[in-house]
Amino acid sequence: MDRSPGFCVKSFYSLRGAIQHIEEQPVPDEVESIEITQVPPDVDGLTDEEDLDDEVIDDDCRDPSLLPPEVSGNVELHQYPEGDDVEDSPPKKKTKVSQTERVVWRKENPTYNIENATNGAEHKREEMKEKLRGKSNVELFEQFFTEELLEMIATQSKLYASQNNVHEYIITPDCLRVFLGILLFTGYHRLPSERQYWSCDEDLDTTIIRNAMPRNRYTEIKKYLHFVDNEKASQNKDDKAFKLRPIYDYLNEKFKSFGIFSRELSIDEQIVRYYGKNGLKQFMRGKPIRFGFKQWIMCCGRTGYCYQMDLYQGKEKKETGSMFKDTLGGKVVLAMTQHLDNTSDHEIYLDNFFTSYKLLAHMKDLGIRVTGTTRANRTAKCSLESDNDMKKKSRGVYDYKFDQENGIFFLKWHDNSLVTIGSNHQSFTPVGSAKRWSNKERKHINVPQPHLIAMYNKYMGGVDHLDWLTQKYRIGVRGKNGTSTYSLTWLTLLL
């Protein structure tokens, strides 16, 4: 059995067989994550229907021990070693590093030559506030979901209906507004069944929904909701998100229509829950949401406002020529930061999936200030104190080293566990304090906390904050397929 990084360990004919293999076979210690990838067969038909129970409107009601419905095609099981974010590429032979390529690490206070921070983001924020001052909540929503977008969805929905031999189907932007309003309503008014929103029973009656649109009309709009012409699928074989691409690109442009007005930005992954059949669905072992779509998000580190999102489609067939062609995290960061107008206006915060010495150095050359936690094998052999020695010391102890030639700083801090963090613009000073519970003294105590750790904790949680906000108003009804289910997430993001 091949256990090399990012390789397919085994192929199965059913999802249940793959899950059973994971549960029965011991997982090697060096394996950090396991992914299950669906390999769907080629489908020539235009149908987007799935065999789903519309009466179950919320996936939160599912028994977590149950598996999603079986998929068409094969299922592949992939294992990824700890500390490795390579995509499905063959392992490379190790090469010796010459003396001139080795990094010289010194224990000294870092001095950087990266461009100083500017206030461009603050100016954009004030301009945005001035433009939007006095607008109602509906007007703010329509800054993103515009008349142009509604016209596009209506046109594509009518085209999809005609391709299914329903030529009398009519839909207008006004009908779509009512339909979208019903979907948003289900985000904060939950009922067990979708049909019950049109119930006349005294304990279920929602008059506002019954008066807004008949149930059959709602079901018809939901059935033919579409964003792109299916007949163009043959021209977009390399784009697995082809059916979402028009609305995806449109909303991404709208998200940054006022510029990127946040100084602190965080880049992280987000999982969109989905249990149906779709080739883009991922399985994340050990995650709160095991099945769903994975997307990359760049958002404000303070408020969680989304500036850019990108759906993960698996290994790219065409090499981009990037210096990070074998590292998924590096490619994601490069793609996201290309949308920055002025790099000196922003600071980027990353977790250990993305950060490496190589990335920090490249971002510095581009004038982008980055701070992020990292893994021990990505520090260019930085001579920090060993884990065993540091664990013997009291909490709050830290060790640091600086590469003066390239301007890269790494620090290891003893908190509840050991944390390694790197930066190309921040230092450990001024050293603050963090409140931690002491089992020995049975009370909260203050432990030393380096400055870049405090900044990371303050601004890295932007995507988590976005998740928290979207979960509060997540649309309750289930989409008819993966495309519509994923698109419903955008409505929640716009709130």
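Residues numbered from 1 in each chain as written. Predicted model: local features only at pLDDT ≥ 70, side-chain atom pairs only at ≥ 80, totals over all residues. Heavy atoms only, no water.

*Asks:* What exactly am I supposed to notice about the overall build of the protein here?
*Replies:* Scanning the protein from N- to C-terminus turns up 14 helices and 14 strands. When the 495 residues of the protein are sorted by exposure, 51% land in the buried category. Counting contacts in the protein only where the partners sit at least 6 residues apart, residues at least 24 apart contribute 70% of the total. As displayed, the protein has an accessible area near 25400 Å², and 48% of this comes from carbon and sulfur atoms. (Helix = DSSP H or I, 4+ residues; strand = E, 2+ residues; numbered from the N terminus. Buried < 20%, exposed > 50% of the residue type's maximum accessible area, 1.4 Å probe, protein only. Contact = heavy atoms within 4.5 Å. Areas by Shrake-Rupley, 256 points an atom, 1.4 Å probe, with all protein chains shown as cover.)

*Asks:* Explain unusual backbone geometry here, please?
*Replies:* Glycine aside, a negative phi is what most residues show, and trans is what most peptide bonds show. A cis geometry characterises the amide bond from Thr 429 onward to Pro 430, with omega recorded as -5°. By secondary structure assignment, the location of Pro 430 is in the loop between β12 (418-423) and β13 (432-438). Residue Lys 381 is not a glycine yet carries a positive backbone phi of 55°. Here Lys 381 lies in the loop between β9 (369-374) and α11 (387-391). Classification of Lys 381 as exposed rests on a relative accessible area of 77%.

*Asks:* Would you mind going over the packing of helix α9 (residues 328-337) against helix α10 (residues 357-365) with me for this structure?
*Replies:* How two helices pack is summed up by the angle between their axes together with the distance between the axes. Interhelical geometry of α9 versus α10 gives an angle of 20° and a closest axis separation of 11 Å. The pairing of α9 with α10 is recorded here as roughly parallel in orientation. Crossing geometry of α9 relative to α10 is assigned as right-handed. Mapping the contact onto sequence places Gly 330, Val 333, Leu 334 and Thr 337 in α9 and Leu 359, His 362 and Met 363 in α10. Across the contact of α9 with α10, the residue classes tally to four nonpolar, three polar and no charged. (Axes fitted to C-alpha atoms, helices over the stretch in contact; angles between N-to-C directions. Parallel < 35°, antiparallel > 145°, perpendicular 65-115°, else oblique. Left-handed = near helix turned anticlockwise from the far one by under 90°. Nonpolar A, V, L, I, M, F, W, Y, C, P; charged D, E, K, R; others polar.)

*Asks:* How do you make sense of the environment of Arg 375 when you look at a structure like this?
*Replies:* By secondary structure assignment, the location of Arg 375 is in the loop between β9 and α11. Overall, the relative accessible area of 12% leaves Arg 375 in the buried class. Each C-alpha atom of the pair Arg 375 and Phe 354 lies 9.5 Å from the other, and the pair is 21 residues apart in sequence. A polar contact is formed between the side chain of Arg 375 and the backbone oxygen of Asn 352, at a distance of 3.3 Å. (Polar contact = N/O pair within 3.5 Å; in protein donor to acceptor, adjacent residues only side chain to side chain.)

*Asks:* What exactly am I supposed to notice about the side chain of Arg 378 here?
*Replies:* Within the secondary structure layout, Arg 378 lies in the loop between β9 and α11. From its side chain, Arg 378 meets the backbone oxygen of Phe 353 in a polar contact 3.0 Å long.

*Asks:* I keep staring at helix α4 (residues 147-163) and nothing clicks. Help me out?
*Replies:* Along an α-helix, residues three or four positions apart point the same way, because every turn accommodates 3.6 residues. Here α4 is 17 residues long and its end C-alpha atoms lie 24 Å apart, about the 24 Å a rise of 1.5 Å per residue gives. Those residues of α4 that sit buried are Leu 149, Leu 150, Ile 153, Ala 154, Gln 156, Ser 157, Tyr 160, Ala 161 and Gln 163. Elements in contact with the buried residues of α4: α5 (173-185), α7 (215-224) and α8 (245-255). Looking one or two places after α4, you find Asn 165, whose phi comes out positive at around 65°. (Expected span 1.5 Å × (residues − 1).)

*Asks:* Looking at this model, I keep getting lost on the packing of aromatic side chains. Mind explaining?
*Replies:* Each aromatic ring pair is characterised by the separation of its centres together with the angle its planes make. Here the structure, examined in full by the defined rule, presents 24 aromatic pairs. When the ring of Phe 179 is compared with that of Tyr 218, the centres are 5.3 Å apart and the planes differ by 35°; the resulting orientation is tilted. Of this pair, Phe 179 sits in helix α5 while Tyr 218 sits in helix α7, and the two are 39 residues apart along the sequence. For Phe 179, a relative accessible area of 2% corresponds to the buried category. Since its relative accessible area comes to 2%, Tyr 218 is described here as buried. Between Phe 261 and Tyr 305, the aromatic rings sit 5.3 Å apart at their centres with planes inclined by 40°, giving tilted as the arrangement. Placement of Phe 261 in the loop between α8 and β4 (264-273) and of Tyr 305 in the loop between β6 (291-300) and β7 (306-311) is noted, with a sequence separation of 44 residues between them. (Phe/Tyr/Trp six-rings, centres within 6.5 Å; stacked < 30°, edge-to-face > 60°.)

*Asks:* Please explain helix α13 (residues 462-472) as it appears in this structure.
*Replies:* Burial in α13 covers these residues: Gly 462, Val 463, Leu 466 and Thr 470. Around the axis of α13, the buried residues are gathered within 95° of arc, so they sit on the same side. (Arc of directions from axis to C-beta.)

*Asks:* How do you make sense of the nonpolar core when you look at a structure like this?
*Replies:* If you look at soluble globular proteins, the nonpolar side chains tend to sit buried side by side. Formed by 50 residues in total, the largest nonpolar core has its most connected members in Phe 145, Ile 153, Leu 176, Phe 179 and Tyr 218. The greatest single-element share of this core, amounting to seven residues, is contributed by α5. Counting 33 residues, the second-largest nonpolar core is a separate cluster that includes Leu 132, Trp 296, Phe 354 and Cys 382. (Core = buried A, V, L, I, M, F, W, Y, C linked by side-chain atoms within 4.5 Å.)

*Asks:* Looking at this model, I keep getting lost on the packing of α4 against α8. Mind explaining?
*Replies:* Where α4 contacts α8, the two axes come as close as 11 Å, and the packing angle between them is 175°. Overall, the two elements α4 and α8 adopt an arrangement that is roughly antiparallel. Contacts between α4 and α8 involve Glu 148, Leu 149, Met 152 and Ile 153 from the first element and Pro 246, Ile 247, Tyr 250 and Leu 251 from the second. Of the residues in the contact of α4 with α8, the class split is seven nonpolar, no polar and one charged.

*Asks:* Just checking my understanding: could you explain the pairing of strand β8 (residues 347-355) for this structure?
*Replies:* Regular strands place side chains that alternate from one sheet face to the opposite one. Burial runs high along β8: seven of the nine residues are buried. The sheet contact formed by β4 and β8 spans three bridges and is parallel. Counterpart to Leu 265 in the pairing with β8 is Ile 348. Pairing of β8 with β9, which is carried by five bridges, proceeds in the parallel orientation. Its bridge partner lying in β9, Tyr 349 is registered against Thr 371. One crossover worth recording links β8 to the parallel β9 by way of α10, and it is right-handed. (Pairing = 2+ DSSP bridges. Right-handed = clockwise from strand over helix to strand, strands pointing away.)

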